[in-house]
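Topology and contacts: notes
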Amino acid sequence: MSTWRKLLRDPQAAVTGSILILIFAAGLSTPLLAQHGPNESDLSMVNAPAGTPGYLLGADESGRDILSRLLHSINTSAVSALIGTGVALAVGVSAGLVGGYFGARTRAIAEWAFNLVMTFPGLLLLILLMPVTGGDYRYTMLIFGVLLSPGIYRIVRNLVLGVKNELYVDAARVSGLGNARILGRHVLSVVRGPIIIAAAFMMGASIATQSGLAFLGVGSKEIPSFGDMISSGFRNLYVAPTQFLWPSLLLGLITASLVLLGNALRDTLAGSRPQPAKVGQGQRAEVTPQPPAAADPEALLEIRDLTIAYPGPGGQPREVVRGATLAIHRGQTVGLVGESGSGKTQTAFAVLGVLPDEAVVTRGSIVFEGRELIGLSDSEMRPLRGKQIAYVPQEPMSNLDPSYTVGAQLVEGVRSALGISKSEAKTRVLALLERCGIADPERTFDSYPHQLSGGMAQRVLIAGAVASRPKLLIADEPTTALDVTVQAEILDLLRDLQAELNMAVLLVTHNFGVVADICERIAVMERGQIVESGDVLEVLRGPRHEYTRMLLDSILDHTAPIREASR
Amino acid sequence: MLAYISRRLAAGLVLALLVTLITFLMLSLSFQDVVRTILGQSATPESVDAMTKQLGYDRPVLVQYGDWLLHLFRGDLGSSVYTSLPVASSVLQRLGVTLSIIVPALIITVLLSTFLGVWAASRGGIADRVAQGLSLVGYIVPGLLLAIALVYVLAVRAKLLPATGYTPLAENPGAWLRSIAIPVVVLVIGGVANMAAQVRGRMIDELRRDYVRTLRTRGISTTSIVVRHALRNAASPALTVLSLEFIQMFGSALIIENVFALPGYGSYAFNASLQGDIPVIMGITIFGVLLVTVVNLGTDLANGWLNPKARVH
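Chain B has the name ABC transporter permease in an unreviewed UniProt entry, where Phytohabitans aurantiacus is given as its organism. A UniProt comment under Sequence similarities (unreviewed entry) is attached to chain B, and it reads "Belongs to the binding-protein-dependent transport system permease family." Looking at the Subcellular location (unreviewed entry) heading of the UniProt record, one finds this comment for chain B: "Cell membrane".

The name recorded for chain A in an unreviewed UniProt entry is Dipeptide/oligopeptide/nickel ABC transporter ATP-binding protein, from Phytohabitans aurantiacus.

If you want it as structure tokens, here you go:
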């Protein structure tokens, strides 16, 4: 019920809803309001001007009262909307429930049939079938409803498929509820919202189509409708322009209100959709950058008091990183450890300047080689990215552009970082791919991401990151998404590259084994704060903070070899 | 590739068979009325029977449909019951008129929507609100009203463009352009409203993907990320919308033609349907299906070119 209250408070929904209610209420009270029948013509009243007694809005080319015809037309459009939408809902919802709930074969048949319906120009069919419908707009709208049904079918099918895979339907099945009751109870409650939204748009489409057809002359001349009135007004445009105005105004008002109501319903029922932000404006910072004070002279990267906030549910900012402090020396490998959601990745993104649009840096500083990074614009950050600071992501597949070959994307990155020619870049990329353990570099170079395995894709991403010999490599859970056997190989590769290029590495992970394996220093993060940091061996052997101890204990229970690795 | 194209064409053929069969079956319900329409009010039952026999409507429906198909395979769509003109050439001529407003409208729609959608999604803020507002206006005003309003303002009042009529392109390109200008604008406004919103949505999704962030960390320029990477990936789903947009536009064109008295597919279909001219109706149907098949094939091929995963080897 709170949804309805929210709708009533939304001005767009309230205004458009009231307009529609007013118009259709006027339509319903036609017998009280209309002073003439819709087809009652009086030859002495032909083209009577507005204000003529008994003809408030005047009369048309046949001497029919325009106001009365408008009122009757409202009812015609209401009936059209009800039939078109009703049929579309009946057909689409039932087929969607069946297609979504039952097996793949049933679904394939339904899919095929609805694709068939969708591929034919509906309006042409409605015109061509005039001999069959005999010009009765109600039959036409019946067919139109069928033509609208694929949209509803898709919505319902997708929602049902989603719900079906959710636990509570399984639970309901276990608890002995029949198929029909499962459908009724759970699925319908989920699909209700999207269907109400779609219904508003379909009503608009039905009314617009009926008017269009009536304008063409499809359908009986006896039925008063906006389309017919517009057509008559159009013929009379030179003589009496207002005759065209009234039905157009009313039709425009109805369809516009339905569309705007649909939009308002969508915003309320479906929740807010992502809003675009300017690409390349750089991450948002609300701190006044201060000159680096008494910085660690050895440090390549120094993060101090970093605080990152996101807009929270009640408008209150929610801090995901709170006063994090961390330093990395040249050539050093530092592990940043913590549970998922502890703010590790956010810290890494902040260094790269690629925090999501919603995030704001509210406090602190990030100094790289003596230069403050917070507050830099995207174009000021760009020369650093790739060249000085590089990044290896967690999930290899989603981090490659699916539309370009591996070679093309690596070459683009190398060229933008180093400004070398295409052929030079290609030679370099091929050598790198080989260095990163790819057996057939030429072939991988010409492959698309979907043709690679996860391990290969991660090697490709590492190759892309180290291509320009960065001073700092930020690796965000580089092995988490990979098979266990591949994990060790990737870690070996990172370690070798680190030594070879003398890079500093910030390794973000939740895995102490990985840290013990390749890191010199460790920082432990808990709920946005760095609670402990120091030499790896010291921290692992004698954790001082309770959270570190807890994390270590929980791991040691399962994987004994950790201590061995940390020897 | 050839196998793929022939498979799609075969699917189109099945579609054509089914749609024409269904249309024919539905039309067959009204053959009696059709004969009466042809003969007029004063027809005697005998003359109705004779006419029914002459047109072959007394045979079983499936036999009639099979007969129509046989002729179709020989390239013969029959001729109009009223004018005796061959159906195929008349249909093609009318289709040409309608396509000459749809094709330019579609091209402009695609260009404009891509620009607006990308602009809105990559700028955000005011740019986004302007683009959203523009597409909303196009969405809430029915094309029919827009057409009449434009005719009134541009043709009747300002006398800048002809209000009605059509000049073939081959006859006089300038006059052709003037005769299709307002209908094309009307179709574009409706089309952009729909399509720009689609492009915007796809672009917003695409710009939030992981690979975009990774590309940014490599120091790749904003323009390249937006145009080369995000737009390229957004184009593939937007293409599926394009074929639906074509079908939609075809429907709107049928109504809008009427405002401008263009001798296109819509008025042809309307007259044939009003008169119950069955051979013409069937000809219009089959060409409609073929057109859709060709457009779908085109978008599929373009999709394969854009999207390596959909590529068929």
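**Side note on the packing of helix α5 (residues 87–123) of chain B against helix α11 (residues 265–275) of chain B**
All names here are of chain B. At a minimum axis distance of 8 Å, the contact between α5 and α11 shows a crossing angle of 140 degrees. As summarised for this structure, α5 and α11 are arranged oblique, according to the angle between their axes. Note on element contacts: α11 touches α5 through Y265, G266, S267 and Y268, opposite V87, S90, V91, R94, L95 and T98.

**Observations concerning the pattern of salt bridges**
For side chains of opposite charge, pairing can occur when their charged atoms come near one another. All names here are of chain A. Under the criterion given, the structure shown has 25 salt bridges over all chains. Of the charged contacts in the structure, one is a salt bridge between D378 and R385, with a shortest N-O distance of 2.8 Å. Grouping residues by exposure puts D378 and R385 together as buried. Salt bridges here are not isolated pairs; linked through shared partners, they connect D60, R64, R69, K221 and D228.

**Concerning the packing of aromatic side chains**
Tallying each qualifying case throughout the model produces ten aromatic pairs over all chains. For the pair F24 of chain B and Y65 of chain B, a centre-to-centre distance of 5.8 Å together with 55 degrees between the ring planes defines the contact as tilted. Of the two residues, F24 of chain B sits in helix α1 (residues 2–28) while Y65 of chain B sits in helix α4 (residues 61–73), which places them 41 residues apart along the sequence. Across the ring face of Y404 of chain A, the terminal group of R232 of chain B is positioned such that the distance to the ring centre comes to 5.0 Å. Positioned above the aromatic ring of W305 of chain B is the side chain of R232 of chain B, whose terminal nitrogen or guanidinium carbon lies 5.9 Å from the ring centre.

**Considerations on the confidence of the model for chain B**
Residue and element names in this part refer to chain B. Predicted confidence across chain B gives a mean pLDDT of 86, with 98% of residues reaching 70 or more. Taking the mean pLDDT of every element in chain B, the minimum, 81, falls on helix α2 (residues 31–39) and the maximum, 92, on α5. The ipTM value of the predicted complex is 0.85, and its pTM value is 0.84.

**Details of the interface of chain B and chain A**
Opposite the 71 residues of chain B that make contact, chain A presents 75 residues. Summing the contributions of chain B and of chain A, the shared interface buries around 6,600 Å²; its carbon and sulfur component is 68%. The three residues of chain B that bury the most area against chain A are R216, T217 and R218 of chain B, which together make up 11% of that side's buried surface. In this structure, the connection of chain B to chain A is made through three salt bridges. In this assembly, chain B and chain A are joined by 16 residue pairs in polar contact (both at pLDDT 80 or more). The element best represented in the side of chain B that touches chain A is helix α10 (residues 222–259) of chain B, accounting for 15 residues. In terms of residue class, the side of chain B that touches chain A is built from 39 nonpolar, 20 polar and twelve charged.

**Digging into the UniProt feature "transmembrane region" (unreviewed entry) in chain B**
Residues and elements named next belong to chain B. According to UniProt, the positions carrying the feature "transmembrane region" (unreviewed entry) are residues 95–121, 133–155, 175–197, 238–260 and 280–299. Structurally, residues 95–121 comprises 100% helix and 0% strand, and the distance from its first C-alpha atom to its last is 37 Å. Helix makes up 100% of residues 175–197 and strand 0%, with an end-to-end C-alpha separation of 33 Å.

**As for the nonpolar core**
Judged by nonpolar contacts, the single largest core of 138 residues is most densely connected at L124 of chain A together with V259, Y265 and I284 of chain B. The biggest single contributor to this core is helix α10 (residues 179–216) of chain A, with twelve residues. If near-sequence neighbours (up to four positions away) are discounted, I284 of chain B is found in contact with L124 and L128 of chain A together with V91, Y265, Y268, A269 and A272 of chain B. Listed in part, the 53 residues of the second largest apolar core include C436, A467, L482 and L494 of chain A.

What counts, and where the lines are drawn
- Residues numbered from 1 in each chain as written.
- Chains lettered and ligands numbered in written order.
- Predicted model: local features only at pLDDT ≥ 70, side-chain atom pairs only at ≥ 80, totals over all residues.
- Heavy atoms only, no water.
- UniProt positions renumbered as here; feature names shortened; annotations may be inferred.
- Axes fitted to C-alpha atoms, helices over the stretch in contact; angles between N-to-C directions.
- Helix = DSSP H or I, 4+ residues; strand = E, 2+ residues; numbered from the N terminus.
- Parallel < 35°, antiparallel > 145°, perpendicular 65-115°, else oblique.
- Contact = heavy atoms within 4.5 Å.
- Salt bridge = Lys/Arg side-chain N within 4 Å of Asp/Glu carboxyl O.
- Buried < 20%, exposed > 50% of the residue type's maximum accessible area, 1.4 Å probe, protein only.
- Phe/Tyr/Trp six-rings, centres within 6.5 Å; stacked < 30°, edge-to-face > 60°.
- Lys NZ or Arg CZ within 6 Å of the ring centre and 35° of its normal.
- pLDDT = per-residue confidence, 0-100.
- Buried area = accessible area lost by both parts, 1.4 Å probe.
- Polar contact = N/O pair within 3.5 Å; in protein donor to acceptor, adjacent residues only side chain to side chain.
- Nonpolar A, V, L, I, M, F, W, Y, C, P; charged D, E, K, R; others polar.
- Core = buried A, V, L, I, M, F, W, Y, C linked by side-chain atoms within 4.5 Å.

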